[in-house]
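Each chain, letter by letter, is given below.
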Amino acid sequence: MWPLWRLVSLLALSQALPFEQRGFWDFTLDDGPFMMNDEEASGADTSGVLDPDSVTPTYSAMCPFGCHCHLRVVQCSDLGLKSVPKEISLVELRIHDNRIRKVPKGVFSGLRNMNCIEMGGNPLENSGFEPGAFDGLKLNYLRISEAKLTGIPKDLPETLNELHLDHNKIQAIELEDLLRYSKLYRLGLGHNQIRMIENGSLSFLPTLRELHLDNNKLARVPSGLPDLKLLQVVYLHSNNITKVGVNDFCPMGFGVKRAYYNGISLFNNPVPYWEVQPATFRCVTDRLAIQFGNYKK
């Protein structure tokens, strides 16, 4: 018969939980609380220049020390990191709300798997992007909102499906501004100062499905919307639009548009809505999809 102490030891082992690596700072609690400032928490360089060393990884199957890895998700929050761990096949980069003023050429070199960059909330101007800054990237998604852009940058990846430039100081969309971005299906330009969209500008976006132009200074519905056969959502509320024509949204004739609208917002514009002809919205799925009237949401 086994001694009682050995039976107790075996019972304790059988009820023990499997080993789980805790956060990095669990091993250094004796050193006292760790405090970090905004720049350290975000990994920002106080010089305002995006540092290539902070975003360029070396490829490895190892999980960075202190992080939790599962499938394609690497969770490294609350570790006091000053740069992106170099052991990740990085696919998303979120560097919003920092002090980045310059994006130099080659800063993203080697990041072939990157498909999403969120860099809003930085004091970036158009001149802050060096030519070739995005060379080699095949991004699907890019957001540069809440910055200081006065125009649409012309040297962004041509692979983009989504481009969000809301809350900037963009004043106009000129003819060739969107020439490079023919694969876009969602374009966000709300909360800018856009007064003019040059005729033909939107013709370079044949696959566009959603267009945000709300909270600008447009005086009329942009031309070219009826030619966008896949367009389904248009935000035009909170502008200075005074008239809506019968052919502003829908093409003439049937069978031309491949996808009907399921959302058109025109509220908070000085449009005499009682003068708008019902045929104006003949290519809308449902009348409830139209938000109309001079009121604030």
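Computed from a prediction, not measured in an experiment: that's the story for all the values here.

With that out of the way, let us pick up the state of the cysteines. Taken as a whole and assessed by the stated rule, the structure comprises 2 disulfides. The residue that forms a disulfide with C63 is C69, at a sulfur-sulfur distance of 1.9 Å. For the disulfide bridge between C63 and C69, the dihedral angle about the S-S bond is near 80°, and by the sign convention the bridge is right-handed. Taking the relative accessible area as the measure of exposure, C69 reaches 38% and is therefore partly exposed. Across the disulfide, C250 is cross-linked to C283 (sulfur-sulfur distance 2.0 Å). Across the S-S bond of C250 and C283 the torsion is about -85°, and the bridge reads as left-handed. Within this pair, whereas C250 is found in the loop between β11 (233-235) and β12 (263-265), its partner C283 is found in the loop between β12 and β13 (290-291), the two being separated by 33 residues in sequence. Residue class for C250 comes out buried when judged on its relative accessible area of 2%.

Our focus in this paragraph is the sheet that holds strand β6 (residues 162-164). The 9 strands lie next to each other as β3-β4-β5-β6-β8-β10-β11-β12-β13, forming an open sheet whose pairing is parallel. The outermost strands of the open sheet, each flanked by one partner alone, are β3 (92-94) and β13.

With that settled, the discussion passes to the packing of aromatic side chains. Applying the stated criterion across every chain, the model contains 7 aromatic pairs. When the centroid spacing of 6.1 Å and the interplanar angle of 80° are considered together, the rings of F281 and F292 count as edge-to-face. Of this pair, F281 sits in the loop between β12 and β13 while F292 sits in the segment after β13; the two residues are 11 residues apart in sequence, bridging distant segments of the chain. Since its relative accessible area comes to 13%, F281 is described here as buried. Its end group placed over the ring of Y261, K257 keeps NZ or CZ at 4.4 Å from the ring centre.

Parameters and conventions
Residues numbered from 1 in each chain as written. Predicted model: local features only at pLDDT ≥ 70, side-chain atom pairs only at ≥ 80, totals over all residues. Heavy atoms only, no water. Disulfide = S-S within 2.5 Å. Buried < 20%, exposed > 50% of the residue type's maximum accessible area, 1.4 Å probe, protein only. Helix = DSSP H or I, 4+ residues; strand = E, 2+ residues; numbered from the N terminus. Pairing = 2+ DSSP bridges. Phe/Tyr/Trp six-rings, centres within 6.5 Å; stacked < 30°, edge-to-face > 60°. Lys NZ or Arg CZ within 6 Å of the ring centre and 35° of its normal.

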